[in-house]
Amino acid sequence: QRYRDSGAGDKMNPFAEQEAWEDHQIGKAKMKFGSDNKPKDDEFQYVFEDQIDFIKASVIDGVEFENKFLPESPEDSIAKSELERLQADRKTLPIYPLRDELLQAVNDYQVLVIVGETGSGKTTQIPQYLHEAGYTKRGKIGCTQPRRVAAMSVAARVSQEMGVKLGHEVGYSIRFEDCTSEKTVIKYMTDGMLLREFLGEPDLASYSVVMVDEAHERTLSTDILFGLLKDIARYRTDLKLLISSATLDAEKFSEYFDAPIFKIPGRRYPVEIHYTKSPEADYIDAAIVTVLQIHVTQSPGDVLVFFTGQEEIEAAEEILKHRTRGLGTKISELIICPIYANLPTELQAKIFEPTPEGARKVVLATNIAETSLTIDGIKYVIDPGFCKIKSYNPRTGMESLLVTPISKASALQRAGRSGRTGPGKCFRLYTAYSYHHDMDDNTVPEIQRTNLANVVLTLKSLGIHNLVDFDFLDPPPSEALLRALELLFALSALNSLGELTKLGRRMAEFPLDPMLSKTIVASDKYKCSDEIISIAAMLSIGNSIFYRPKDKQVHADNARLNFHTGNVGDHIALLKVYSSWKETNFSTQWCYENYIQVRSMKRARDIRDQLQGLLERVEIELTSNPNDLDAIKKAITSGFFHHTAKMQKNGSYRTVKNPQTVYIHPSSGLAQELPRWVIYHELVLTTKEYMRQVTELKPEWLVEIAPHYYQMKDVEESGSKKMPRGKGRAVMD
Ligand code: CDP
Ligand code: MG
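Residues numbered from 1 in each chain as written. Chains lettered and ligands numbered in written order. Predicted model: local features only at pLDDT ≥ 70, side-chain atom pairs only at ≥ 80, totals over all residues.

*Asks:* Any chance you could explain the overall build of the protein chain here in plain terms?
*Replies:* Scanning the protein chain for helices and strands turns up 30 helices and 21 strands. Across the 733 residues that make up the protein chain, the buried fraction comes to 42%. Nonlocal contacts in the protein chain, meaning residues at least 24 apart in sequence, comprise 71% of its contacts between residues at least 6 apart. (Helix = DSSP H or I, 4+ residues; strand = E, 2+ residues; numbered from the N terminus. Buried ≥ 20, exposed ≤ 12 C-beta atoms within 10 Å, placed from the backbone. Contact = placed C-beta atoms within 7 Å.)

As structure tokens, this is what we get:
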């Protein structure tokens, strides 16, 4: 159908498709009109109701009509289809001239390190080249990404380029979402997912190629994959291994894998760097002001701003919208596009749409835009100099997400995002002095700053017992390894010899933090697995369940507090939200009325469904006990007995083990109530050290449930055993 092709190919004109369709109908009209000037069927009449006279007139005017409505211009008939356009685009990427050379290198070496700047086509093209060269006849091509959004958006892009439906030949797999099928030959996935696939297929037999992409990010899962892949490559000599990186860490990978480096020369334009004269007190505000300044003073070109997370992005979006509204027509259009991991897929696509003439796009992004995603048309980068990174103190066992200054390597990457398609400018919201003197050269790999419990459990279930001898690219601190082993032992996932127990094996089936997996397995005993998997699913989607529109904060807060009636605690409140939604038959309307994000709820439902499937696998019966709240809380305690705190004065709490001062997060239903003993899901450090998702606890449960961990003296109510002052302070250093 020609009219469809020519319409879809013309993306710049949103009306093109409509126009082409009308052209086509008119063409049809002429054919059907015949000589009697009368419509032949109803369809015709329906379509042309209001144009009929006009067309009649034209038809009477024979030749005129012919010229006016029917011409199929030569461009039209050879008009590029969307697919052809994408194919042409592929050929303009820096990697394209190296296609054959790259295939040759893959053929010659089992392991290859590939380096090329962001946007050169590594992620989208290499798997396609290998597919075209026949590698998929022997098995799948797997390509790992550190982030979910990247895995999804890249898979979508590649399926478009190949003209196939997403989930068929090209698919993606992320935690709790598998968009692949029997047909899938190119599979994009998070690095964590490939790690889990080792559990079911320890030699990755169904793969012919594994590409570890964005290797420079050095996420925990990527680092573990290095060790595992290096190991299986020894006996799976037919498996091709590609390690691709956007930065210069390549030497290190090359040495580790004993593999050559394949360089894709970048095209890069100069980037002008500007620093602030003095440090900025409020970098969000400074970033917003800079966006507006660029918008009114600088030549056309889109803007990319780096924030540390969803909350900052949402706040910035709101303020920007408000300020631009205030300026009205005094400024040209500013299109604001947020991008972060939890953004719904439909909205993610928006950042890739070309900016209309006269307008300017401003992309508010997390670190994801540093290397994983390439957005065309960016000319200005605003870099506040921060990112959110996980940090872990093995001494106290405390893990937290901290807003931290970025490294010089990150700063360079960020600046480089502005010089992809032409000369760019980068505005750094910090001083030149700070850059040179305060910032580290490189970001510390995640493996050296995280809780390793999950990874240790996975490795143990893969049969890797001696973790000290595991071939790490950079080994984790031995203290962190020890901590992980201790935690897994306390959770009874490992026995005293460090071997995986039956319980541990069941826990490893769940793609969750071991404490949450333990909670689920323990729910069997308390006959409330039905409730616990709902809670686990709700906890897994993080804090994006309730929303709080600025103009309806009171209503939103009231709606939220409804679920907290009886001070049941945040875990039970989450359960109530889920159950109530289920009772309305998963009504969207109900979500609106209760200020709940329907998208998050749907995700929770998906996760819950999967957890239910996993219950079956580990032979736990689905049992429900909705009225026995103590049973539910005890199951939670079985997993989270490490996370307990006791109230001190002034609303502050002290954690029971590894004592430190913490507070109940203001969003908690117990923030006013302040129970004496609480169990918490996580600690977050924002303005203070906060416990998020908190439930009241009876201290005797600790001794009952975790007698190896708590003794009566830990939980007795006595003022006599005060912790030495200051002991908990040095925790976040
Ligand atoms: O992996 P690398 O950074 O080397 O490049 P890539 O992700 O393969 O991107 C190559 C090109 O594909 C970019 O210039 C983008 O324009 C385009 N692309 C896109 O339009 N949409 C995506 N979701 C991903 C890539
Ligand atoms: Mg890439």
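Picking up where we left off.
*Asks:* Could you clarify how one ought to interpret the sheet that holds strand β21 (residues 689-696) in this entry?
*Replies:* Each strand in a sheet pairs with its neighbour through backbone hydrogen bonds, running either in the same direction (parallel) or in the opposite one (antiparallel). Pairing is mixed in the closed barrel, where five strands are placed in the order β17-β18-β19-β21-β20. Neighbour-to-neighbour, the strand axes of the sheet open up by a mean angle of 50°, direction not taken into account. Sheet analysis places strand β18 (residues 652-655) next to strand β19 (residues 661-664), joined by three bridges and oriented antiparallel. Among the inter-strand pairings, Ser652 is bridged to a residue of β19, identified as Tyr663. (Pairing = 2+ DSSP bridges. Axes fitted to C-alpha atoms, helices over the stretch in contact; angles between N-to-C directions.)

*Asks:* What should I look at first to understand the site of ligand 1 in this one?
*Replies:* Taken together, 16 residues surround ligand 1, and among them Lys122, Thr123, Thr124, Ser153 and Arg157 come closest. Only α9 (122-132) and α10 (148-162) provide two or more residues apiece to the shell around ligand 1. In terms of residue count, the dominant contributor to the shell around ligand 1 is α9 (four residues). (Near = placed C-beta within 6 Å.)

*Asks:* Looking at this model, I keep getting lost on the sheet that holds strand β16 (residues 424-428). Mind explaining?
*Replies:* If you walk across this open sheet you meet the six strands as β9-β16-β13-β10-β12-β11, and the pairing is parallel. What marks the edges here is a single partner per strand, and that holds for β9 (271-275) and β11 (334-339). For this sheet, the mean inter-axis angle between neighbouring strands, taken without regard to orientation, is 20°. Bridge count between strand β10 (residues 302-306) and strand β12 (residues 360-365): four bridges; the pairing is parallel. Residue pairing for β12: Leu304 is matched across the bridge by Val363. This element, helix α17 (residues 408-416), spans β9, β10, β13 (378-383) and β16 of the sheet and lies at about 150° to β13.

*Asks:* Got a minute to help me understand the nonpolar core in this structure?
*Replies:* Across soluble globular proteins, nonpolar side chains show a tendency to be buried alongside one another. Grouped together as the largest cluster of nonpolar side chains are 178 residues, with contacts concentrated most on Val113, Val305, Ala536, Met538 and Met691. Top element by residues in this core is α10. It accounts for nine residues. With residues near it in sequence (within four places) discarded, Met691 still touches Ala645, Tyr653, Val662, Tyr663, Ile664, His665, Val678, Tyr680 and Leu683. (Core = buried A, V, L, I, M, F, W, Y, C linked by C-beta atoms within 7 Å.)

*Asks:* Before we go on, may I ask you to explain the confidence of the model for the protein chain in this structure?
*Replies:* Low pLDDT marks stretches whose predicted atomic positions should not be read closely. Per-residue pLDDT for the protein chain averages 84, and the proportion of residues at 70 or more is 86%. Taken together, the stretch residues 719-733 has pLDDT below 50 and engages in twelve contacts with residues farther than four places along the chain or on a different chain. Across the predicted assembly, pTM comes out at 0.78 and ipTM at 0.98. (pLDDT = per-residue confidence, 0-100.)

*Asks:* What is the right way to read the pairing of strand β6 (residues 207-212) from this model?
*Replies:* Consecutive residues of a regular strand have side chains that alternate between opposite faces of the sheet. In terms of residue burial, β6 counts as a mostly covered element, since six of its six residues are buried. In terms of strand pairing, strand β2 (residues 140-145) meets β6 through five bridges, oriented parallel. Residue Thr144 lies in a different strand from β6, and its bridge partner there is Val212. Bridge count between β6 and strand β7 (residues 240-245): four bridges; the pairing is parallel.

*Asks:* Quick question: what am I supposed to make of the pairing of β12 here?
*Replies:* Counting buried residues along β12, six of its six residues qualify, which places the element largely inside the surrounding structure. The side-chain alternation of β12 yields two buried faces, one formed by Arg360, Val362 and Leu364 and the other by Lys361, Val363 and Ala365.

*Asks:* Please clarify how unusual backbone geometry should be interpreted in this entry.
*Replies:* Leaving glycine aside, a negative phi is the common case for residues, and trans is the common case for peptide bonds. At Leu204, a position not held by glycine, the phi torsion is positive, near 50°. Inspection of the secondary structure puts Leu204 in the loop between α11 (191-200) and β6. Residue classification places Leu204 among the buried residues on the basis of 21 C-beta atoms within 10 Å. Positive phi values are uncommon outside glycine, yet Arg218 reaches one of about 50°. The residue Arg218 is located in the loop between β6 and α12 (220-235) in this model.

*Asks:* Looking at this model, I keep getting lost on the packing of α11 against α12. Mind explaining?
*Replies:* Packed helix pairs are specified by the crossing angle of their axes together with the interaxial distance, meaning the distance between the axes. Between α11 and α12, the shortest axis-to-axis distance is 8 Å and the interhelical angle comes to 40°. By the angle between their directions, the pair α11 and α12 is classed as oblique. The two elements α11 and α12 meet at a crossing, and its hand is left-handed. Two secondary-structure elements touch here, α11 through Asp191, Gly192, Leu194, Leu195 and Phe198 and α12 through Ser221, Thr222, Ile224, Leu225 and Leu228. Each residue belonging to the contact of α11 with α12 can be placed in one class, and the counts come to six nonpolar, three polar and one charged. (Parallel < 35°, antiparallel > 145°, perpendicular 65-115°, else oblique. Left-handed = near helix turned anticlockwise from the far one by under 90°. Nonpolar A, V, L, I, M, F, W, Y, C, P; charged D, E, K, R; others polar.)

*Asks:* What is the right way to look at the packing of helix α22 (residues 514-523) against helix α28 (residues 629-640) in this model?
*Replies:* Where α22 meets α28, the axes come as close as 7 Å, and the angle between the chain directions of the two elements is 140°. With respect to α28, the element α22 is oriented oblique. Crossing hand, α22 versus α28: right-handed. Counting all contacts with α22, which are made through Met515, Leu516, Lys518, Thr519, Ala522 and Ser523, the residues of α28 involved are Ala635, Ile636, Ser638, Gly639 and Phe640. The residue makeup of the contact of α22 with α28, split by class, is six nonpolar, four polar and one charged.

*Asks:* Can you walk me through the environment of Ala411 in this structure?
*Replies:* Relative to the assigned elements, Ala411 resides in helix α17. With 22 C-beta atoms packed within 10 Å, Ala411 lands in the buried category. As for Ala411 and Asn558, which are separated by 147 residues in sequence, their C-alpha atoms are 43 Å apart.

*Asks:* I would appreciate a short explanation of α11 in the present structure.
*Replies:* Given 3.6 residues per helical turn, the α-helix brings residues three or four places apart onto the same face. Listed as buried for α11 are Asp191, Gly192, Met193, Leu194 and Leu195. Tucked into the core, α11 has its buried residues touching β2, β3 (170-174), β5 (186-190), α12 and α19 (453-461).

*Asks:* Can you walk me through the environment of Tyr96 in this structure?
*Replies:* Take Tyr96: it is sitting in the loop between α7 (82-90) and α8 (99-108). As a C-alpha pair, Tyr96 and Gly326 span 230 residues in sequence and 46 Å in three-dimensional space. Not counting residues within four places of it along the chain, the set of residues in contact with Tyr96 comprises Arg90, Lys91 and Gly121.

*Asks:* I would appreciate a short explanation of helix α23 (residues 529-540) in the present structure.
*Replies:* Under the 1.5 Å per step criterion, the end-to-end length of α23 is 16 Å for twelve residues, consistent within 8% with the ideal 16 Å. Extensive coverage of α23 is indicated by the burial of eleven of its twelve residues. Within the span of α23, buried status applies to Ser529, Asp530, Glu531, Ile532, Ile533, Ser534, Ile535, Ala536, Ala537, Met538 and Leu539. Looking at the buried positions of α23, the neighbouring elements they touch are α22, α25 (570-583), α27 (598-617), α28, β20 (677-685) and β21. Following α23 by one or two positions, Gly542 has its phi on the positive side, about 75°. (Expected span 1.5 Å × (residues − 1).)

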